[in-house]
Amino acid sequence: MTDTSYQYVRHTEAPKLPPPGRSTGIIHWLRSNLFSSVSNTILTIVTVIFLSWLLPLLYNFLIGRAVFTGTMDDCRVETFGACWVFITGRASFMFYGFYPMTEYWRPNTVFILGLLLVIPLLMPKAPFKLANLIAFFVVYPIIAVTLLIGGVFGLEHVPTEKWGGLMLTLVLSVVGVVGSFPIGILLALGRRSNMPIIKTICILTIELWRAVPLITVLFMASVMLPLFVPSGFTVDKVIRAMIGITIFYGAYMAETIRGGLQAMPRGQFEAASALGLNYWKSMIFIILPQALKYVIPGIVGTFISLVKDTSLVSIIGMFDLLNAINAAGSDAAWASPTKSFTGYAFAIGIFFVLCFSLSRYAKYMENRLNTGHKR
Amino acid sequence: MKKSLFGVAIAASLALTATAAFADTLADVKARGHLLCGVSEGTAGFETPDANNEWSGIDVDYCRAIAAAIFNDAKAVRFVTSNSTVRWQQLGSREVDVLARTSTWTMTRDTTLGLTFVAPIYYDGQGFMVHKETGIKSALELGGATLCIEAGTTTELNAADYFAANNLEYNPVTFVTQDEAYKAYEEGRCDAFTTDRSALAGNRLLLAVPDDHVLLPEVISKEPLSSVVRQGDDLWFKIARWVFNAQLEAEELGVSSANVDEMLASENPGVRRLLGVEGDFGTPLGLTKDWAYQVIKLVGNYAEIFDRNVGAGSPIGLERGVNALWKDGGIQYAPPIR
C-alpha cells in the first residue's frame, strides 16, 4: 500500500501553542472571578468604587496622618490621624487595668503558661494528651487563680476589682468557653433524656436562660443578687459575672449540640445499644464524637459571640478591654481629638485577632475531621 | 445628668430594704479593713486612672480622705465603678459605702431614693464654649447662634430654658455621642458648645487647638456635684460630711499637707482644735482624736485637692470660681470645728 493519496503526512507532534489569551493568566482570572456575568460585573464595579473610597481613608487615618512617636501634644493637630502615642502610652492600663505595675509578671506568667498548655492540646499530633488535659483543666486553674489573686506564698493580694483590660477579657473568655461547653453537653443530653424530672429541669434551664438578654443576666448578678443574700456574705463581682456568662452561653451551647444529636441517624444509637454499651459509654464513644463534629460551625459561632460579649461587663462597672481603653483616655492629660477613634481601632484589631484565630482553628479541625460526609 | 425610669423604679424598691436593715456602716467598714467607694468609669479631673494606673481625681481624693480619717491610711479604699444607671442601687445593695461620682444633688434624688446627699464637693454648672475668633464675650450675645448639644441630657432643657428666659433665638443641633458633638463644633457646624463647665474645660483638650476656644462666664444651671450615703445611718453621714468640712477648715486656717506637722505646734486655737491638739472631736464620730490631722497629712486640704485634680496644677486648669472659700468670694463654707 502506498500513501500517494495523501499530500502531506506529519511525522512529529505539532508544537504546543499557548492557550488563547482569553482563557489564561490574569485576564482569564478576572473574567471568571470578577466579570463572569452582568450582575457580578456590577458588583465588582461597586466594590471597587467603595474600596477606592474607603482604603485611602483608612490608610490616612491609621498610617498616613497618624502620630507614632512623640507626646500627646503632637496629637493635638487639625489633621485627622490616629494617635498611636495614646495606645503605647496607656498600653499598661489597656492590658492589665488597675493591676499593680510591679506584679505584671504574674498575669504574664499565667498567660504564657496557658499558651504553652493550650497549643499542644489543640494540635492533634502532640503527645501526652491525657497528661496535658489534666495539666490544663486541673492544675492550671489552681496555678492561675493563685498567681492572679495572690495573698499566699508571699504574693501580694490583688483583689479582682483591680483586674482589667485585655487580661480581664481573656480571663472571662477562657472561663466562659471552658465552662459553657460541658454545661451545654449535659443540658443537651438532659433535654433528650427519657427521665421526666431531668428533662423538665434541663428544658426549664435552657429556656429560662435563653429567654433573657445577657445584659439582664449581668445586671441581676451584679445589682440584684447582693440584695437577696444576707449582708456580709458576698460573692466576688468578677466571679458573679463569670457564672452569669458561663451559664448563659451553656444554654445556647446546649441547643447547638442538641442540633447535632438530632442529626444523628437512629441506627447509630441502636448500633451502640446492640454492642452492649451503656448510656454514658455509647454517648462518649459513639454519639457525641459524631454529633459534635456536625455542629462545629455552630459551636465556634457561639464561642466567638461569647468572646465579643465579654465587653458587656462594662455596664456593671468592670474594665474589660473596651472599657479600659475608654477609661484610659478619660484623664485630661491624654485628651486629644482622635484618641477615642484610635482606641476603638485598637480594640477592633485585638478582637479581630482573637475571634479570627478561633474561627481559623475551627476551620482546620472541621477539615481534619471531615471523614466522609462533607456537608 | 439623666436618670432612667428603670433606675428610679429599682432604686425606689431598694429604698425599703436599705433603710429597714440595721445600719452601722462605720463598724462594717472597720471590720472589712477598707472603704468601698463608688466612682464613675472615668471623668476627667473627678475620677480617672492616672499614669500609674491608680485612681485619681477630686472624688477619689474625697474617698481617700475618709479612709485616712478611719484607718490612718489613705490607701485603704477599694473603688467600685458603675455607670450612671446603677449608681444608686450600689448604695442600696451595700456594694459601696459612699458614692462620689459627679452626682448632681437634686430634691427628687435626695428625698425618694433612700439616700442622703452629703456635701457638694464641686459646684458645677452648665456653661458655653465658643470659637475665640467670633469675639463673643457673653452668652447674651449668642442670639441666633447654632448650638451643639449632646442628646438626651438635662443640658438640652437647661439651654432651652435659658434662651427662652432671655428672649433669644437659637438653633440646637444634637448629637448622640460627645466625640461627634465636639467634632461638629470644631468643624464649625455650630457657633457654641454647651455642657457642664467642668466637662467643657476638661474636654477643651479634645480639640486640636484648645486655645482657639473660650469658656463664657455665664453659668446657666446649678449642678452641685455631691457625695452620697445611704439614708438611715446618721453617724456615717456625719463622718462623710465632717471629713469634707475638715478639709475646708484646713484651707481656711492655712493648714496643708506640707505644713501640717509644724502646725501641730501652732498657737491658733482653731488649728489646735482641728488637728486634735486641743479637745477631742474624733470620739463622737467613732474616730481617733487626730482624724483631721491624718486627713490633711495623707490627702491634703480642699485647695490642694482642687488644684492638683481640676485646678491650675492640672491640665484642666479650672478657676476656683464659686468653689472658692466663702472669705475669698466663693460659697464653700464649713461650720466651725469647736
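Residues numbered from 1 in each chain as written. Chains lettered and ligands numbered in written order. Predicted model: local features only at pLDDT ≥ 70, side-chain atom pairs only at ≥ 80, totals over all residues.

### Some details on the overall build of chain B
Secondary structure summary: chain B contains 13 helices and 12 strands in total. The globule rule puts the C-alpha radius of gyration for 338 residues at 20 Å, and the 21 Å found for chain B is close to it. C-alpha atoms of chain B, sized along the principal axes, occupy 60 × 50 × 40 Å. Considering only intrachain contacts with a sequence separation of at least 6, the fraction spanning at least 24 residues in chain B is 73%. (Helix = DSSP H or I, 4+ residues; strand = E, 2+ residues; numbered from the N terminus. Rg over C-alpha atoms; globule rule 2.2 N^0.38 Å. Contact = placed C-beta atoms within 7 Å.)

### Overview of the overall build of chain A
Along the backbone of chain A there are 15 helices and 0 strands. Taken over C-alpha atoms, the radius of gyration comes to 29 Å for chain A, far larger than the 21 Å a tight globule of 375 residues would show. In terms of overall dimensions, chain A has a C-alpha envelope of 115 × 75 × 40 Å along the principal axes. Expressed as a percentage of its 375 residues, the buried residues of chain A come to 30%. (Buried ≥ 20, exposed ≤ 12 C-beta atoms within 10 Å, placed from the backbone.)

### Concerning the pairing of strand 7 (residues 126-131) of chain B
Residues and elements named next belong to chain B. With 5 of its 6 residues buried, strand 7 lies for the most part within the structure. Pairing of strand 7 with strand 10 (residues 192-196), which is carried by 5 bridges, proceeds in the antiparallel orientation. When the sheet's bridge partners are listed, M129 is paired in strand 10 with F193. Taken together, the 3 bridges between strand 7 and strand 11 (residues 213-215) define a ladder with antiparallel strand orientation. Looking at the pairing, M129 lines up with L215 of strand 11. (Pairing = 2+ DSSP bridges.)

### Let's talk about the interface of chain B and chain A
Listed as interface residues are 32 residues of chain B and, on the opposing side, 27 residues of chain A. Every element with two or more residues in the side of chain B that touches chain A is listed here: strand 2 (48-49), strand 4 (77-81) and helix 8 (197-203) of chain B. By residue number, the principal contributor to the side of chain B that touches chain A is strand 4 of chain B, which donates 3 residues. Of the residues belonging to the side of chain B that touches chain A, the class tally is 11 nonpolar, 15 polar and 6 charged. (Nonpolar A, V, L, I, M, F, W, Y, C, P; charged D, E, K, R; others polar.)

### Regarding the sheet that holds strand 9 (residues 170-175) of chain B
Residue and element names in this part refer to chain B. One open sheet holds the 5 strands; their spatial order is 9-8-10-7-11, and the pairing between them is mixed. Of all strands in the sheet, those bounded by a partner on one side alone are strand 9 and strand 11. The sheet shows a mean angle of 30° between the axes of neighbouring strands, taken without regard to direction. Set on the sheet, helix 6 (residues 154-165) makes contact with strand 7, strand 8 (145-150), strand 9 and strand 10; between it and strand 8 the angle comes to about 155°. (Axes fitted to C-alpha atoms, helices over the stretch in contact; angles between N-to-C directions.)

### With respect to the sheet that holds strand 6 (residues 115-124) of chain B
Consider a sheet: its strands pair through backbone hydrogen bonds, and that pairing is either parallel or antiparallel. Residues and elements named next belong to chain B. The 5 strands are arranged 4-1-5-12-6 in an open sheet whose pairing can be described as mixed. The sheet is open, and its two borders are formed by strand 4 and strand 6, each paired with just one other strand. The average undirected angle you get between the axes of adjacent strands in this sheet is 25°. Here 7 bridges tie strand 6 to strand 12 (residues 223-230), and the two strands are oriented antiparallel to one another. Each bridged residue has a counterpart across the sheet, and for F117 the counterpart in strand 12 is V228.

### Description of the nonpolar core
In terms of nonpolar packing, the biggest core is built from 164 residues, with C37, C63, I66, A69, V243 and V295 of chain B touching the most fellow members. The element that contributes the greatest number of residues to this core is helix 7 (residues 165-191) of chain A, accounting for 12 residues. Contacts of A69 of chain B, omitting those with residues within four sequence positions, involve I239, V243, L287, W291, Q294 and V295 of chain B. (Core = buried A, V, L, I, M, F, W, Y, C linked by C-beta atoms within 7 Å.)

### Thoughts on the domain arrangement of chain A
Here chain A is partitioned into domain 1 (25-64) and domain 2 (158-333). When each unit is reduced to the centre of its C-alpha atoms, the spacing between domain 1 of chain A and domain 2 of chain A is 40 Å. (Domains from an automatic or database assignment.)

### Topic: helix 2 (residues 38-64) of chain A
End to end, helix 2 of chain A covers 36 Å across 27 residues, agreeing with the expected 39 Å (1.5 Å per residue, within 8%). Counting buried residues along helix 2 of chain A, only 0 of its 27 residues qualify, which leaves the element largely exposed. (Expected span 1.5 Å × (residues − 1).)

### Digging into unusual backbone geometry
All names here are of chain B. The residue N53 is not glycine, and still its phi comes out positive at about 60°. As for its placement among the helices and strands, N53 is situated in the loop between strand 2 and strand 3 (55-56). In this structure, N167 is a non-glycine residue whose phi angle is positive, near 60°. The residue N167 is located in the loop between helix 6 and strand 9 in this model.

### Considering the domain arrangement of chain B
All names here are of chain B. What the domain assignment reports for chain B is domain 1 (5-124 + 223-328) and domain 2 (126-215). Its C-alpha centre places domain 1 at a distance of 31 Å from the equivalent point of domain 2. Taken together, the contact between domain 1 and domain 2 spans 10 residues of the former and 7 residues of the latter. Among the residues making up the side of domain 1 that touches domain 2, the classes are represented as 6 nonpolar, 2 polar and 2 charged.

### Some remarks on the packing of helix 4 (residues 84-96) of chain A against helix 14 (residues 321-328) of chain A
Residues and elements named next belong to chain A. Contact geometry of helix 4 with helix 14 gives a least axis separation of 8 Å together with a crossing angle of 140°. Comparing their axes, helix 14 and helix 4 come out oblique. Helix 14 is crossed by helix 4, and the crossing has right-handed handedness. Between helix 4 and helix 14, the contacting residues are R90, F93 and M94 on the first element and L321, A324, I325 and A328 on the second. The residue makeup of the contact of helix 4 with helix 14, split by class, is 6 nonpolar, no polar and 1 charged. (Parallel < 35°, antiparallel > 145°, perpendicular 65-115°, else oblique. Left-handed = near helix turned anticlockwise from the far one by under 90°.)

### Brief notes about the confidence of the model for chain B
Residues and elements named next belong to chain B. The share of residues in chain B with pLDDT of 70 or more is 93%, and the mean pLDDT across the chain is 85. Least confident of the elements in chain B is helix 1 (residues 5-20), whose mean pLDDT is 46; most confident is helix 3 (residues 58-71), at 93. Low pLDDT (under 50) marks residues 1-21, which in the prediction has 36 contacts with non-local residues, meaning those over four places away or in another chain. Here the predicted complex scores 0.82 on pTM and 0.77 on ipTM. (pLDDT = per-residue confidence, 0-100.)

### Looking at the environment of P269 of chain B
Residue and element names in this part refer to chain B. Locating P269 in the fold gives a position in helix 11 (residues 269-274). Take P269: there are 12 C-beta atoms within 10 Å of it, and that puts it in the exposed class. Considering only alpha carbons, one finds P269 and P284, 15 residues apart in sequence, at a separation of 20 Å.

### Thoughts on the environment of K293 of chain A
Residue position: K293 of chain A is located in helix 12 (residues 279-294). Each C-alpha atom of the pair K293 of chain A and F219 of chain A lies 35 Å from the other, and the pair is 74 residues apart in sequence.

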